[in-house]
Amino acid sequence: MIVVSGASGNLGRRTVQHLLTRTDASRVLALSRTPDTVADLGVQTRHADFDEPDALTRALDGAERLLIISIATADRLPKHARAIDAAAKAGVGHVIFTSLTRAGDPGHPNPLIPDYAATERMLAGSGLPFTVLRFNIWTEMLTLVGIASRAVSTGVLPSNAGNGRTGHLTRDDSAAVAAAVLAEGGGQGEFLDVTGPEAVTDADIAAALTQATGRPVRHQEVGDDEQPRRLVEQGVPEHFAHAWSASGVAKRDGWYDVTTHAVERLTGRPATSIADHFTAHRAELITAP
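Notes on the structure in this doc start here. (Residues numbered from 1 in each chain as written. Predicted model: local features only at pLDDT ≥ 70, side-chain atom pairs only at ≥ 80, totals over all residues. Heavy atoms only, no water.)

**What about the overall build of the protein?**
Check the secondary structure of the protein and you find 13 helices and 9 strands. Relative to a compact globule of 289 residues, whose C-alpha radius of gyration would be 19 Å, the protein shows 19 Å and is just as compact. For the C-alpha atoms alone, the extent of the protein along its principal axes is close to 55 × 35 × 35 Å. In the protein, which comprises 289 residues, the share counted as buried stands at 53%. Pairs at least 24 residues apart make up 78% of the contacts formed inside the protein by residues separated by at least 6 positions. Taken together, the 27 basic and 34 acidic charged side chains of the protein have centroids lying 2 Å from each other. (Helix = DSSP H or I, 4+ residues; strand = E, 2+ residues; numbered from the N terminus. Rg over C-alpha atoms; globule rule 2.2 N^0.38 Å. Buried < 20%, exposed > 50% of the residue type's maximum accessible area, 1.4 Å probe, protein only. Contact = heavy atoms within 4.5 Å. Lys, Arg positive; Asp, Glu negative; His and termini not counted. Charge placed at Lys NZ, Arg CZ, Asp CG, Glu CD.)

Spelled out as structure tokens, the structure:
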């Protein structure tokens, strides 16, 4: 049985869909706190909650491989610990965990990293065969937080990232990689960096937005103090503006300048470029507020 946790989320749902192109639906089990919401995927479903360890262990009965999708909430670390413990008790043969780029490097400025690094250490010390997928920043983050659409509507992409580069990766490519590892069972004991095809600057992002929408977007360098204010003025929610400004510092310092060929090697298809992603989502970029 190949098991995907968090199957009702965007990454989990896409992973199940990619799995169905690689293996029979009867082998796939979707776990969710709301299993009714994933019934349309056409696979077996079970209720599972990382806050209910005994029930989670029972839900993992028969699991050969398990994808633990990292939790978005602040209490993620104890939830991850319970999921790993349940996998060990259920005798899962291979656990795959979704982590972040360079999570194992000391001094990483991303405030989420300590929880991811601690989870990686727990998994490595659990005795379970494991693979860690370290995803670079999703290209979708530019649209989800409104950075890209507001740059298109105002014609300006303010940035404090300097010449810092990021190997942006799409969520769909992340799901395709996760499905490939789940289906094939490879990469055991590995910490795999999974990235886009090239590392790009924010100036490259502005150029890609221009190309995709036909509307001129100018990259404008600003200081660290000015960046969140400029984003808020464009309509980006304040907490996102500050988080994106902090990531700009990290990009400038080289933390996300990582590229690999993992997507193509594992899925057999090239990773999606930012230009191709923006072109595919042109309608959203030009109509979003």
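**Thoughts on the sheet that holds strand 8 (residues 190-194)**
Taken together, the 7 strands give an open sheet; going across it, the order is 3-2-1-4-5-6-8, and neighbouring strands pair in parallel fashion. A single partner strand is all that each edge strand has here, and the edge strands are strand 3 (44-47) and strand 8. Taken pair by pair, the neighbouring strands of this sheet meet at an average axis angle of 20 degrees, ignoring direction. In the packing of helix 4 (residues 113-124) onto the sheet, the strands contacted are strand 5 (94-100), strand 6 (130-135) and strand 8, and the crossing angle to strand 5 comes to about 160 degrees. (Pairing = 2+ DSSP bridges. Axes fitted to C-alpha atoms, helices over the stretch in contact; angles between N-to-C directions.)

**Considering the side chain of Asn136**
By the element assignment, Asn136 lies in the loop between strand 6 and helix 5 (140-144). Here Asn136 falls in the buried class, since its relative accessible area comes to 4%. At a separation of 3.2 Å, a polar atom in the side chain of Asn136 contacts the main-chain carbonyl oxygen of Val258. Filtering out sequence-adjacent residues up to four positions away, Asn136 remains in contact with Thr101, Thr166, Gly167, Leu169, Val194, Thr195, Tyr256 and Val258. (Polar contact = N/O pair within 3.5 Å; in protein donor to acceptor, adjacent residues only side chain to side chain.)

**A few points about the environment of Ala90**
Looking at the secondary structure, you find Ala90 in helix 3 (residues 76-90). Along the backbone, Ala90 and Ser149 are 59 residues apart, and their C-alpha atoms lie at a distance of 45 Å.

**Quick look at the side chain of Arg171**
In this fold, Arg171 is placed in helix 7 (residues 171-184). Buried charge without a salt bridge: Arg171, with Glu140 as the nearest opposite-charge side chain at an N-O distance of 4.7 Å. Setting aside residues no more than four positions away along its own chain, Arg171 makes contact with Asn10, Leu11, Trp138, Glu140 and Leu144. (Salt bridge = Lys/Arg side-chain N within 4 Å of Asp/Glu carboxyl O.)

**Structural notes on the environment of Ala81**
Its place among the elements puts Ala81 in helix 3. For the pair Ala81 and Gly6, spaced 75 residues apart in sequence, the C-alpha to C-alpha distance is 15 Å.

**Section: the pattern of salt bridges**
For the structure on display, the rule yields 20 salt bridges. Arg102 is the partner of Asp105 in a salt bridge, and the nearest nitrogen-oxygen pair spans 2.7 Å. For Asp105, a relative accessible area of 28% translates into the label partly exposed. Exposure remark for Arg102: the relative accessible area of 25% places this residue in the partly exposed category. Members of the salt-bridge network, linked through shared partners, are Arg14, Asp172, Asp173 and Arg269.

**Section: the packing of helix 1 (residues 10-19) against helix 7**
For the pair helix 1 and helix 7, interaxial distance at closest approach is 8 Å and the crossing angle is 55 degrees. In terms of orientation, helix 1 lies oblique with respect to helix 7. Here helix 1 runs over helix 7; the crossing is right-handed. Here Asn10, Leu11, Arg14, Thr15, His18 and Leu19 of helix 1 lie close against helix 7, whose contacting residues are Arg171, Asp172, Ser174, Ala175, Ala176, Ala178, Ala179, Leu182 and Ala183. Per-class residue counts for the contact of helix 1 with helix 7 are 8 nonpolar, 4 polar and 3 charged. (Parallel < 35°, antiparallel > 145°, perpendicular 65-115°, else oblique. Left-handed = near helix turned anticlockwise from the far one by under 90°. Nonpolar A, V, L, I, M, F, W, Y, C, P; charged D, E, K, R; others polar.)

**Regarding helix 8 (residues 202-213)**
An ideal rise of 1.5 Å per residue puts 16 Å on 12 residues; helix 8 measures up with 16 Å between its terminal C-alpha atoms. Along helix 8, the positions that sit buried rather than exposed are Asp202, Ile205, Ala206, Ala208, Leu209, Ala212 and Thr213. Along helix 8, the residues classed as buried sweep out an arc of 160 degrees about the axis, all on the same side. A distance of 3.3 Å separates the backbone nitrogen of Ala203 from a side-chain oxygen at the start of helix 8, and that oxygen is part of Thr201. Where helix 8 ends, the next residue or the one after it, Gly214, has phi of about 75 degrees, a positive value. (Expected span 1.5 Å × (residues − 1). Arc of directions from axis to C-beta.)

**Comments concerning the pairing of strand 6**
Counted residue by residue, strand 6 has 6 buried out of 6 residues, so it is predominantly covered. Side chains Phe130, Val132 and Arg134 of strand 6 all project onto a buried face; the interleaved residues Thr131, Leu133 and Phe135 project onto the opposite face, where all are buried too. Bridge count between strand 5 and strand 6: 6 bridges; the pairing is parallel. Across the sheet, Ser99 pairs through a bridge with Arg134, a residue of strand 6. Once you follow strand 5 into helix 4 and on to strand 6, the crossover reads as right-handed. (Right-handed = clockwise from strand over helix to strand, strands pointing away.)

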